[in-house]
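Spelled out, the chains give:
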Amino acid sequence: MNPKIVDKLNIHLADWNVLYTKLHHYHWYVTGPHFLALHAKFEELYEFAATSLDEVAERILALGGRPISSLRQYLGQTLLTEAGKESTDTEMLEAVISDFRKLADSLKETANLADESGDKVTSDFLGGHTEELQKQIWMLTATAQGLPVKA
């Protein structure tokens, strides 16, 4: 077991947990003419986050590590922030896009570390998550471009 990789994976676990909660918040609080589409999209994304956080925790266990599992630990290790003052659909989308970019960049760094350490399985695993995040970033960015910007 490489403790450095496990530590990085625990940061990703924290990020996915914060995203899961943030996406639920947006799912509940989105309003406006794009409500139906975004309400459904945020649900799809929090389900993606739930699956991803479970997969990361299981990868940590498979490596012989111990996944963090408390809200205090998640908030102490995440690279992201909780939902804040985002009140419009555009602000919510922009926050998700920003978080997905941060997470994708961080996953790539950990994948490179795993690859350098000879852990091709973890590298490939993280590459799959990065690929899905990049796809979501593209789709969310295209959606955000069609929404009015708050003055």
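Residues numbered from 1 in each chain as written. Predicted model: local features only at pLDDT ≥ 70, side-chain atom pairs only at ≥ 80, totals over all residues. Heavy atoms only, no water.

**Some remarks on the environment of Trp28**
Looking at the secondary structure, you find Trp28 in helix H1 (residues 3–29). Between the C-alpha atom of Trp28 and that of Glu109, which follows or precedes it by 81 residues, the distance is 33 Å. (Helix = DSSP H or I, 4+ residues; strand = E, 2+ residues; numbered from the N terminus.)

**Description of the nonpolar core**
By size, the foremost hydrophobic cluster in this structure holds 43 residues, and its most contacted members are Leu13, Trp16, Leu23, Phe42, Val96, Phe100 and Leu133. When residues of this core are traced back to their parent elements, those giving at least two are H1, helix H2 (35–62), helix H4 (89–116) and helix H5 (120–145). Per-element tally for this core: the top contributor is H4, with 12 residues. Filtering out sequence-adjacent residues up to four positions away, Trp16 remains in contact with Phe48, Ala49, Ser52, Leu53, Val56, Leu103, His129 and Leu133. (Core = buried A, V, L, I, M, F, W, Y, C linked by side-chain atoms within 4.5 Å. Buried < 20%, exposed > 50% of the residue type's maximum accessible area, 1.4 Å probe, protein only. Contact = heavy atoms within 4.5 Å.)

**So, the packing of H1 against H4**
Orientation of H1 relative to H4, taken along the N-to-C sense of each, is 165°, at an axis distance of 11 Å. In terms of orientation, H1 lies roughly antiparallel with respect to H4. For H1 against H4, the interelement crossing comes out left-handed. Residues Lys4, Ile5, Lys8, His12, Asp15, Trp16, Leu19, Lys22, Leu23, Tyr26 and Tyr29 of H1 form the contact with H4, whose participating residues are Met92, Ala95, Val96, Asp99, Phe100, Leu103, Ser106, Leu107, Glu109, Thr110, Leu113 and Ala114. Considering only residue class, the contact of H1 with H4 consists of 14 nonpolar, three polar and six charged. (Axes fitted to C-alpha atoms, helices over the stretch in contact; angles between N-to-C directions. Parallel < 35°, antiparallel > 145°, perpendicular 65-115°, else oblique. Left-handed = near helix turned anticlockwise from the far one by under 90°. Nonpolar A, V, L, I, M, F, W, Y, C, P; charged D, E, K, R; others polar.)

**Re the packing of aromatic side chains**
This model, assessed by the stated rule, comprises four aromatic pairs. Taking the centre distance of 5.1 Å and the plane angle of 80° together, the rings of Trp16 and Phe48 count as edge-to-face. Note that Trp16 is positioned in helix H1 and Phe48 in helix H2, a separation of 32 residues in sequence. Residues Tyr20 and Tyr46 carry aromatic rings whose centres are separated by 5.9 Å and whose planes lie at 85° to one another, so their mutual orientation is edge-to-face. Residue Tyr20 is located in helix H1, and its partner Tyr46 is located in helix H2; the two are separated by 26 residues in the primary sequence. With relative accessibility at 12%, the residue Tyr46 sits in the buried group. Site record: aromatic cluster; members linked through ring pairs are Trp16, Phe48 and Phe100. (Phe/Tyr/Trp six-rings, centres within 6.5 Å; stacked < 30°, edge-to-face > 60°.)

**What to know about the side chain of Arg59**
Looking at the element boundaries, Arg59 is found in helix H2. Those residues in contact with Arg59, other than ones at most four positions away along the chain, are Leu9, Asp119, Val121, Thr122 and Phe125.

**Comments concerning H1**
Three- or four-residue spacings in an α-helix give side chains the same orientation, since the helix completes a turn every 3.6 residues. Compared with an ideal rise of 1.5 Å per residue, which puts 27 residues at 39 Å, H1 spans 39 Å between its outermost C-alpha atoms and is within 8% of the ideal. Near the N-terminus of H1, the side chain that reaches the backbone nitrogen of Lys4, with its oxygen 2.9 Å away, is that of Asn2. (Expected span 1.5 Å × (residues − 1). Polar contact = N/O pair within 3.5 Å; in protein donor to acceptor, adjacent residues only side chain to side chain.)

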